[in-house]
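Here is what each chain is made of, one letter per residue.
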Protein chains: 2
Amino acid sequence: MTSRRIEIVRAARELLEHGGPAALTMRGLADQLQIKAPSLYKHLPDKGALELAIVVDGFEQAALAFEDAVLDAEDPLAAFVSAYRVFVADHPHVYRLMTEGPLPRDDLPPGLEERTAAPLVQATGDPARARAAFGFIHGMVSLEMNGRFPNDGNTEAAWARGLEAFRAPSVATELLT
Amino acid sequence: MTSRRIEIVRAARELLEHGGPAALTMRGLADQLQIKAPSLYKHLPDKGALELAIVVDGFEQAALAFEDAVLDAEDPLAAFVSAYRVFVADHPHVYRLMTEGPLPRDDLPPGLEERTAAPLVQATGDPARARAAFGFIHGMVSLEMNGRFPNDGNTEAAWARGLEAFRAPSVATELLT
DNA sequence: GTCTATAGTGGGATAGAC
DNA sequence: GTCTATCCCACTATAGAC
């Protein structure tokens, strides 16, 4: 029924991923679909709805990837970070759209944000540590994405430091403190 | 001689800070200065040069603030973070311009980037730890700026965790390990 | 579901006179 | 250093026919 809408959103996402935000225009999207721009408005109220749909898709895909990564992992935080970095590397512009600017929480499917965050909370074992880890991970991928780090060995070393700092304490470690 | 250019850049910065990136247009800037838009092009080649000038100003101001904060501080990392958060809170849109997208390194005054980063390297005592701390700090301020965190107590707790994790080891601590 | 035609807005930038 | 006049571009979105 609304399968046309799904096709449109998927095409929009490809356009965004390949050409960045500047490439995501109603005209360009219509061209890609070999229709005319005004036809899009039969399926979507406006451009904001299109961007929101891309963001929701992104969160759903990320949630699945994170859940899968943490499941049965020996080191859940390392597994989470690895999955996170893959997601960002594969869809940098979608990630930007998901994280830059305010999040339209009221328009997101209920529970989606929490679901996406849950694997990290599990991997860190503590809400405050999860938040610190989230800051670290988001900052690192953002800076990497924008080419902010020299290409020496220090970036991987920095990742390792962060993992060490925010990993949920193991039983053995807890006995020692 | 080029004092007019300085006035223009300052007005542009105010426009950006108060109205966000959408408010920074050549027309709006001209209005603010009570001149006509084409006159701006006698002082600046194009809009890119204007944005670059704002970014350079931002780095210089940040470098000064960071250097001053770390100087003689009992806890240099805490002092650095505090100064960093103040800078971002005071100039969020300038900070965005400075950090989103690639950095035009070749057009920056030589040494400015290094100078801005130096206080953090000093406060962490190690390049890899500095990079991890930078990731953490940038991620935290970005997420705070975009209203990504619930307004519970966990955000300040997360800041404290990060400080603890990336602080340069004190002599006393080193003797214990 | 798609089209044509078009409105309406806003933006960056140049030429050439004063 | 500023002006007027203007160009050219791109975009979102609507009305109404097929």
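Numbering of residues starts from 1 in each chain and follows the order in which that chain's sequence is written. Working convention: letters from A go to chains and numbers from 1 go to ligands, in the order in which they are written. Where totals are concerned, whole chains, interfaces and linings use all residues; where local detail is concerned, this predicted model gives features only for residues with pLDDT of at least 70, and gives and counts side-chain atom pairs only at 80 or more. Neither water nor hydrogens contribute to the side-chain values; these are computed over all heavy atoms in the structure.

### Comments concerning the protein's contact with DNA strand D
Taken together, 14 residues form the shell around DNA strand D, and within it A:Thr25, A:Met26, A:Arg27, B:Lys36 and B:Lys42 come nearest. For DNA strand D, the fraction of protein-proximal atoms (within 4 Å) that sit in sugar or phosphate groups is 57%. Between DNA strand D and the protein, one listed contact pairs a phosphate oxygen with a backbone N or O atom of A:Lys47 at 3.0 Å. Polar contact criterion, stated in full: a pair of N or O atoms within 3.5 Å, where within protein one must be able to donate a hydrogen and the other to accept it, and residues adjacent in sequence count only if both atoms are side-chain atoms. Contact between DNA strand D and B:Lys42: a base oxygen at 3.4 Å from a side-chain N or O atom of the residue. For this description, a residue counts as near a given molecule or strand if any of its non-hydrogen atoms is within 4 Å of it.

### Here we look at the packing of helix H4 (residues 47-70) of chain A against helix H5 (residues 76-90) of chain A
Residues and elements named next belong to chain A. Fitting a line to C-alpha atoms yields each axis, with helices limited to the stretch in contact; the angle taken between N-to-C directions then spans 0 to 180 degrees. Numbered from the N terminus, helices here are DSSP runs of H or I no shorter than four residues, and strands are runs of E no shorter than two. Two elements in contact, H4 and H5, have axes separated by 8 Å at closest approach and are oriented at 150 degrees. It follows that H4 is roughly antiparallel to H5 by the angle criterion. With respect to the hand of their crossing, H4 and H5 are arranged in right-handed fashion. Here H4 contributes Gly58, Gln61, Ala62, Ala65, Phe66, Ala69 and Val70 to the contact with H5, which in turn contributes Pro76, Ala79, Phe80, Ala83, Tyr84 and Phe87. Orientation labels follow simple angle bins: below 35 degrees gives roughly parallel, above 145 gives roughly antiparallel, 65 to 115 gives roughly perpendicular, and whatever is left gives oblique. Throughout, a crossing is termed right-handed when the near helix is turned clockwise from the far one, and left-handed when it is turned anticlockwise from it by less than a right angle. Residues count as neighbours in contact if any of their non-hydrogen atoms are within 4.5 Å of one another.

### Focus: the protein's contact with DNA strand C
The local shell around DNA strand C holds 14 residues, among which A:Lys36, A:Lys42, B:Met26, B:Arg27 and B:Lys47 are the closest. Here, DNA strand C places atoms within 4 Å of the protein, and 53% of those atoms are sugar or phosphate. A distance of 3.5 Å is found between a base oxygen of DNA strand C and a side-chain nitrogen or oxygen belonging to A:Lys42. Lys, Arg, Asp and Glu make up the charged group, whereas Ala, Val, Leu, Ile, Met, Phe, Trp, Tyr, Cys and Pro make up the nonpolar group; the residues left over, Gly among them, are polar. Looking at the surface near DNA strand C residue by residue, the class counts come to five nonpolar, three polar and six charged.

### Considerations on the relation of the copies chain A and chain B
The operation relating chain A to chain B is a screw motion whose rotation component is 180 degrees, with 0.0 Å of axial translation and a residual RMSD of 0.1 Å. Such a turn and shift between the copies fits a two-fold axis. With an isologous cut-off of 70% or more, the 100% of interface residues of chain A that recur at the interface of chain B puts this contact in the isologous class. Only residues with pLDDT of at least 70 in both copies count here: their C-alpha atoms drive the least-squares fit that superposes the copies.

### Some words on the environment of B:Ala117
Residue and element names in this part refer to chain B. Take Ala117: it is sitting in helix H7 (residues 112-124). Overall, Ala117 belongs to the partly exposed group, its relative accessible area being 39%. Distance in space between the C-alpha atoms of Ala117 and Ala63 is 7.7 Å, their sequence separation being 54 residues. Exposed residues in this analysis have more than 50% of their type's maximum accessible area, buried residues have under 20%, and partly exposed residues fall in between, with area computed by a 1.4 Å probe over protein chains only.

### Observations regarding unusual backbone geometry
Residue A:Asp72 is not a glycine yet carries a positive backbone phi of 60 degrees. Residue A:Asp72 is classed as exposed on the basis of its relative accessible area of 75%. Non-glycine residue B:Gln34 carries a positive phi angle of around 55 degrees. Here B:Gln34 lies in the loop between helix H2 (26-32) and helix H3 (37-40). The class for B:Gln34 is exposed, based on a relative accessible area of 76%.

### Things to note about the domain arrangement of chain A
All names here are of chain A. Domain start and stop points were drawn from an automatic or database domain assignment. Partitioning chain A into structural domains gives domain 1 (1-45) and domain 2 (55-176). Using only C-alpha atoms to locate each centre, domain 1 and domain 2 end up separated by 29 Å. Of the roughly 590 Å² buried between domain 1 and domain 2 on both sides combined, carbon and sulfur atoms contribute 60%. By definition, the buried area sums, over both parts, the 1.4 Å-probe accessible area that each loses when the two are put together. The largest share of the area that domain 1 buries against domain 2 comes from Arg13, Leu16 and Glu17, three residues that together contribute 79% of it.

### What to know about the pattern of salt bridges
One side-chain nitrogen of Lys or Arg within 4 Å of one carboxyl oxygen of Asp or Glu is enough to make a salt bridge. Taken as a whole and judged by the stated rule, the model has 20 salt bridges over all chains. Of the charged contacts, one joins A:Glu113 and A:Arg105 as a salt bridge, the two residues approaching to 2.8 Å between their closest N and O atoms. Across the pair B:Arg115 and B:Glu67 runs a salt bridge whose closest N-O atoms are separated by 2.7 Å. Here B:Arg115, found in helix H7, pairs with B:Glu67, found in helix H4 (residues 47-70); they are 48 residues apart in sequence, far enough to count as distant. Counted as one network, the salt bridges with shared partners bring together A:Arg85, A:Glu144 and A:Glu156.

### Examining the nonpolar core
The definition of a nonpolar core used throughout is a set of buried Ala, Val, Leu, Ile, Met, Phe, Trp, Tyr and Cys residues joined through side-chain atoms within 4.5 Å. In terms of nonpolar packing, the biggest core is built from 104 residues, with A:Leu29, A:Leu50, A:Phe136, B:Leu29, B:Leu50 and B:Phe136 touching the most fellow members. Not counting residues up to four positions away in its chain, the partners in contact with A:Leu50 are A:Ile8, A:Val9, A:Ala12, A:Leu24, A:Met26, A:Leu29 and A:Leu44.

### Looking at H7(B)
All names here are of chain B. One axis fitted to the seven residues ending at a residue, another fitted to the seven starting there: the angle between these axes is the bend at that residue. Along H7, the sharpest change in direction is near 35 degrees and occurs at Ala118; proline Pro119 comes one to four residues later. Among all positions in H7, only Leu112, Thr116, Pro119, Leu120, Ala123 and Thr124 are buried. Lining the buried residues of H7 we find H4, helix H5 (76-90), helix H8 (127-145) and helix H9 (154-166). Gly125 sits one or two residues past H7 and shows a positive phi near 80 degrees.

### Digging into the interface of chain A and chain B
Size of an interface, as often reported, equals the accessible area lost when the parts are brought together. Contacts between chain A and chain B engage 37 residues on the former and 37 residues on the latter. Together, the buried faces of chain A and chain B total about 2,900 Å²; carbon and sulfur atoms form 56% of this surface. On the chain A side of the interface with chain B, the three residues burying the most area are A:Arg131, A:Arg148 and A:Arg161, jointly 28% of the side's total. Connecting chain A to chain B are four salt bridges. Taken together, the connections running from chain A to chain B amount to 19 residue pairs in polar contact (both at pLDDT 80 or more). For the side of chain A that touches chain B, the secondary structure elements donating two or more residues are helix H6 (92-99), helix H8 (127-145) and helix H9 (154-166) of chain A. Element by element, the count of residues in the side of chain A that touches chain B is highest for H8(A), at 13 residues.

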